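# Coordinate inspection notes
Read off the chains here:
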Amino acid sequence: MWSNINQMLVRPATLISRLRSTGNAKSLPQHGTRAVRQRLCQTHSPCVIMSASSSSYNIVVKTGDRKKAGTDANIRIVLHGACGQKTSPAKLDNLFRDDFERGRTDNFTVRDDVDVRSISKIEMWRDKAGVASEWYVDTIEVRNEASPCDIFMFPIYRWVKANFHYSILHLDTFLPQDDPNPDQRHMEIADKRTTYEVTQKVKGATAQVGQLQNGKAHDEVIVKTNYSDE
């Protein structure tokens, strides 16, 4: 236990030493105190390239708590930095554990030669492997283990289609006209237009979800929910 605590205390000092060598932390003290951590968060530039043989990232994935949300598919992820860096595709998998079960939170450690400190975007996708490959994701949280203060949150809250590469930005909140991934947005709106088709068994009565077959309901009027591109 004490060795782990010592590693935690040494890590900020190591980062400060590296920052000093680049001229970004000349005024910081030598010891790994809370004040040092706060100052480090304020002064560290996300585009400073740290020399390291490899970087380690902690990735926390929360699968949604809804019917058939869990998956047996293979999940892969790429981390993108604010300055254009990106990691190699990494498979999220814990040996001898059934990952991505309904309502469960899973932790993964990914190592890569690229050191990304400011993670601006993730790229993630799944295949069709396994008996149940469908997957509903709530959130993905990423942290570079060498960084003492930065946690990057990526809200998903959607069903993940097979073999489609999703690009999710940190906090992922945009007005429609400012969305940096318009093709992805249009694809998801088209899916919603299909998913939320409803029927009226009696004209003028309350609409109900239609039983669709080949895109049409038998002997019923299809009423499409008005999802615009906005």
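All values derive from a computational prediction rather than experimental measurement. (Residues numbered from 1 in each chain as written. Predicted model: local features only at pLDDT ≥ 70, side-chain atom pairs only at ≥ 80, totals over all residues. Heavy atoms only, no water.)

### Examining the overall build of the protein chain
The cut-off we apply is this: The way it works is that DSSP assigns letters per residue, a run of H or I at least four long becomes a helix, a run of E at least two long becomes a strand, and they are numbered from the N terminus. Between buried and exposed lies partly exposed: a residue is buried under 20% and exposed over 50% of the maximum accessible area for its type, with that area taken using a 1.4 Å probe on protein chains only.
Summing up its helical and strand segments, the protein chain has 3 helices and 13 strands in all. Buried positions account for 35% of the 230 residues belonging to the protein chain.

### Overview of the sheet that holds strand β7 (residues 152-159)
For clarity, the cut-off: For two strands to be treated as a pair, DSSP must find no fewer than two bridges joining them. What counts as an axis is a line fitted to C-alpha atoms, over the stretch in contact for a helix, and the angles between N-to-C directions run from 0 to 180 degrees.
Pairing within the open sheet is antiparallel, and its 4 strands lie in the order β4-β1-β6-β7. If you trace the sheet from one side to the other, it starts and ends with β4 (105-112) and β7, each paired once. With strand direction ignored, the average angle separating the axes of adjacent strands in the sheet is 20°. The sheet contact formed by strand β1 (residues 55-63) and β4 spans 8 bridges and is antiparallel. Within β4, the position partnered with Val-60 by the bridge is Asn-107.

### A look at the environment of Ser-54
The cut-off we apply is this: Any pair of residues with heavy atoms lying within 4.5 Å of one another is described as a contacting pair.
Structurally, the position occupied by Ser-54 is in the loop between α2 (34-43) and β1. Relative accessible area serves as the criterion here: at 38%, Ser-54 is assigned to the partly exposed category. Ignoring anything within four residues of it in the chain, the contact list for Ser-54 reads Asp-112 and Asp-113.

### Let's talk about the environment of Asp-93
The topology assignment puts Asp-93 in the loop between β3 (90-91) and β4. Sequence separation of Asp-93 and Val-110 is 17 residues, and the distance between their C-alpha atoms is 9.6 Å.

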